[in-house]
Amino acid sequence: MPGMGRIRYGNRGNRSYVCPMTLTIPFDNSYARLPDGFFARQAPEPVRAPALIAFNTDLARLLNISPGEAQEMAQAFSGNHLPEGADPLAQLYSGHQFGHYNPQLGDGRAVLLGETVGADGVRRDIQLKGSGRTPFSRQGDGRAWLGPVLREYVVSEAMHGLGLPTTRALAAVETGETVLREGPMPGAVLTRVAQSHLRVGTFQVFASRGQTDSLRRLTEYALHRHYPEADGPMGLLRAVRDAQAALIAGWMSVGFIHGVMNTDNCSVAGETIDYGPCAFMDSYHPNTVYSSIDRMGRYAYSNQPEIAVWNIAQLATALIQQMDDKDAAVEEATEIVHAMPDLMQRHWLDRFRAKIGLTSAEQDDLQLISDLLARMAQNQADFTNTFRALGTETARDQFTDPQAFDAWEDGWKARLQREASALSVMAAANPAYIPRNHRVEQMIQAAVQGDFTPFHRLNKVLAAPYQEQAGCSDLARPPSEAEVVHATFCGT
Ligand code: AMP
Ligand code: MG
């Protein structure tokens, strides 16, 4: 019987009552109202035996979603049962992958269920990832396995906890099916929430096909949805540039390496999106690469600002295709793109000044920060722990040669004389906890064995990464030699 078993008891006045507890999502689907060429209508493919692993109640509250009981949510967030108001579709996009243009990508293992407007007035996409094949699947099976689903859940929520713009995780469900990767793996579906899934590649696909009307329509849509105060294609370009510049500086400040900064993974809303082979650095080195598919180091830590500019240049190229006066557009777009490195550098300086406790700006600050980073690189200092320990006795212990730190510290202390609130500034800029690779890997291994305790523990601690938490020092510790993760995988 429908509704059976979904009852909860409550109190209204003095009388207790029983009401059905039903998942409700207040959908309002604007993308589905765009013309047909923007997407393919596609229902998720049902799975055998869905079981709910996690549901993000804080995020649900923000989205005005009322939760249902576990089995109902497992049915909904696996795609077995469509919640009322959903209008599932797979989005079309293309993109440059490792610098090479792929004329058609699109949601190959995801469907957009629809959008909701949250308590904060922000419209967000609700997307199932791993929900089966779509017209854009190419050779893929449209599925995801548990490892990447839990990795994305933990790392995207950690990114949010760190205070950086990111897609988020609403739910994770096991499918009860097996997915074939290196071997048979447990299948899973992630429910991803994003301010939108518009990417640079969404513009590229229409531009490269010469579909100017669609390109104009998409530009209007993006402006209206994300940057209502901006005007026209060049206004959009400027706004996306600004958002991406701020985002990448944020990544640099927490030692994050995205790993696949392809233009299809570059969000128009300026959120971190697509947690494939991403990683947070342990010991600092500017050339660090984790992704197993990034053999040339194109997306190495220190290359990220340059790649972001390259991606924005691709967006510029796409947007220009709709302009009547192309020469003038090229000139304006060039100016916009060329201003990005300086912009990013300013954000970067703000971030790193805060990391060493500075609120005022002085000419020599860049030199002071660069000098510390150079010494950290030479001394295999842990990125997170070095900054967190600044001003304490243990900072120097992070360096293979502690005297390399002492020499820097003298200059820093002299500079701090001219600062009032260094300690509180640093505490808010330097997390104690990041989702360290070895902990994420251990969490996945446990989950595959059916133990989700490490998964839930990571989520809990990483929700407040700037706060020292009792009994969690193991999560702040860098990996031992044996624990070091040398390569991360897309997991597709
Ligand atoms: P990503 O590496 O996640 O950015 O994905 C790149 C492209 O490959 C996108 O078009 C994805 O939809 C597609 N893709 C990745 N994994 C799969 C899969 N298992 N099945 C179908 N398409 C996939
Ligand atoms: Mg992608």
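Within any chain, residue numbers begin from 1 and follow the written order of that chain's sequence. Note on labels: chains are lettered from A, ligands numbered from 1, in written order. Reporting of local features is limited, given that this is a predicted model, to residues whose pLDDT is at least 70; pairs of side-chain atoms are given and counted only at 80 or more, and all residues count toward the totals for whole chains, interfaces and linings. Side-chain figures throughout are based on the complete set of non-hydrogen atoms in the structure, without hydrogens or water.

Draft legend 1. Region of the structure containing the overall build of the protein chain. By the criteria applied, helices consist of DSSP H or I runs no shorter than four residues and strands consist of E runs no shorter than two, each listed in order from the N terminus. Secondary structure summary: the protein chain contains 16 helices and 14 strands in total. Relative to the compact-globule value of 23 Å for 492 residues, the protein chain shows a C-alpha radius of gyration of 23 Å, a close match. Overall, the protein chain is about 70 × 65 × 55 Å in size when its C-alpha atoms are taken along their principal axes. Each residue is placed in one exposure class: buried if its accessible area under a 1.4 Å probe, protein chains only, is under 20% of its type's maximum, exposed if it is over 50%, and partly exposed if it falls in between. In the protein chain, which comprises 492 residues, the share counted as buried stands at 56%. We call two residues in contact when some of their heavy atoms are within 4.5 Å. Within the protein chain, contacts between residues at least 6 apart in sequence are counted, and of these 71% link residues at least 24 apart. Of the accessible surface of the protein chain, which amounts to about 20,900 Å², a share of 50% is contributed by carbon and sulfur atoms. Positive charges are assigned to Lys and Arg, negative charges to Asp and Glu, while His and the chain termini are left out of the count. The location of each charge is read from NZ of Lys, CZ of Arg, CG of Asp or CD of Glu. Where the 44 positive side-chain charges of the protein chain centre and where its 55 negative ones centre are 5 Å apart. The size measure is the radius of gyration over C-alpha atoms, and the globule rule it meets is 2.2 Å times the number of residues to the 0.38 power. In short, Shrake-Rupley with a 1.4 Å probe defines the accessible areas, and a residue's cover is counted only from the protein chains shown.

Draft legend 2. Structural context of the packing of aromatic side chains. Between 30 and 60 degrees the pair is tilted, below 30 it is stacked and above 60 it is edge-to-face, where a pair is any two Phe, Tyr or Trp rings, Trp via its six-membered ring, whose centres lie within 6.5 Å. Counted according to the given criterion, the structure contains 20 aromatic pairs. Taking the centre distance of 4.8 Å and the plane angle of 50 degrees together, the rings of F38 and F206 count as tilted. In this pair, F38 is assigned in the loop between β2 (15-20) and β3 (39-41) and F206 in helix α4 (residues 200-208), connecting sequence segments 168 residues apart. With respect to burial, F38 and F206 carry one shared label: buried. Each member of the aromatic cluster is reached from another via a ring pair, and the members are Y284, Y301, W348, F352, F383 and F387.

Draft legend 3. View of the pairing of strand β11 (residues 168-180). In this description, strands pair whenever DSSP reports at least two bridges between them. In this sheet, β11 lies alongside strand β4 (residues 51-55) in antiparallel orientation, the contact comprising four bridges. What sits directly across from A54, in β11, is A172. Pairing geometry for β11 and strand β12 (residues 184-194), over nine bridges, is antiparallel. In the strand pairing of β12, R168 is matched with V193. Counting the residues that bridge the hairpin from β11 to β12 gives three residues.

Draft legend 4. How the structure looks around the site of ligand 1. Proximity is defined per residue: any heavy atom of the residue falling within 4 Å of a molecule or strand makes that residue near it. Around ligand 1 sit 18 residues, and of these G106, G108, R109, G142 and D274 come closest. Within 3.5 Å is the distance limit for a polar contact, defined as a pair of N or O atoms, with the added protein rule that one can donate a hydrogen and the other accept it, and that residues adjacent in sequence qualify only through two side-chain atoms. With respect to ligand 1, the side chain of R109 contributes an N or O atom lying 2.4 Å from an oxygen atom. One nitrogen or oxygen atom from the side chain of D274 is found 2.8 Å from an oxygen atom belonging to ligand 1. When ligand 1 is considered free in solution it has 480 Å² of accessible area, and contact with the protein chains removes 88% of it. Counted by class, the shell around ligand 1 contains two nonpolar, eight polar and eight charged residues. Put simply, Ala, Val, Leu, Ile, Met, Phe, Trp, Tyr, Cys and Pro go in the nonpolar bin, Asp, Glu, Lys and Arg in the charged bin, and everything else, Gly too, in the polar bin.

Draft legend 5. Representation of the pattern of salt bridges. Any carboxyl oxygen of Asp or Glu that lies within 4 Å of a side-chain nitrogen of Lys or Arg is treated as forming a salt bridge with it. By the definition in use, this model includes 29 salt bridges. Linking R225 and D125 is a salt bridge whose minimum nitrogen-to-oxygen distance equals 2.7 Å. You can see R225 sitting in helix α5 (residues 212-226) and its partner D125 sitting in strand β9 (residues 123-129), a full 100 residues away along the chain. Like D125, R225 is buried. In this structure, D371 and R375 form a salt bridge, with 2.9 Å as the shortest nitrogen-oxygen distance.

Draft legend 6. Structural detail: the domain arrangement of the protein chain. An automatic or database domain assignment supplies the start and end points of every domain. Each assigned domain of the protein chain is listed with its residue range as follows: domain 1 (6-194) and domain 2 (350-429). Look at where the C-alpha atoms of domain 1 and domain 2 centre, and you get two points 41 Å apart.

Draft legend 7. Fine view of the coordination of the magnesium ion (ligand 2). Only nitrogen, oxygen and sulfur atoms qualify as donors, and only when within 2.8 Å of the metal (3.2 Å in the case of Na, K and Ca); with water excluded, sites may look incomplete. Within the protein, the magnesium ion (ligand 2) binds to N265 (OD1) and D274 (OD); these donor distances fall in the range 2.0 to 2.2 Å. With a relative accessible area of 9%, N265 lands in the buried category.

Draft legend 8. Representation of the nonpolar core in the model. Among the buried residues, those of types Ala, Val, Leu, Ile, Met, Phe, Trp, Tyr and Cys that are joined through side-chain atoms within 4.5 Å form a nonpolar core. Ranked by internal contacts, the top residues of the largest apolar core, which has 126 residues, are Y31, F203 and I356. In terms of residue count, helix α6 (residues 232-253) provides more of this core than any other element does, twelve residues in total. For this core, the two domains that each supply at least three residues are domain 1 (6-194) and domain 2 (350-429). When near neighbours in sequence (up to four residues on either side) are disregarded, I356 contacts L368, I369, L372, F387, L390, W408, W412, L416 and M426. In this structure, F27, F77, L128 and V193 belong to the second largest nonpolar core, which totals 21 residues.

Draft legend 9. Structural detail: helix α3 (residues 146-161). A helix is expected to reach a length of 1.5 Å times the quantity of its residues less one. For α3, with 16 residues, the first-to-last C-alpha span of 22 Å sits near the 22 Å given by 1.5 Å per residue. Buried residues dominate α3, accounting for 15 of its 16 residues. In the segment just after α3, G163 is the residue with positive phi, at about 90 degrees.

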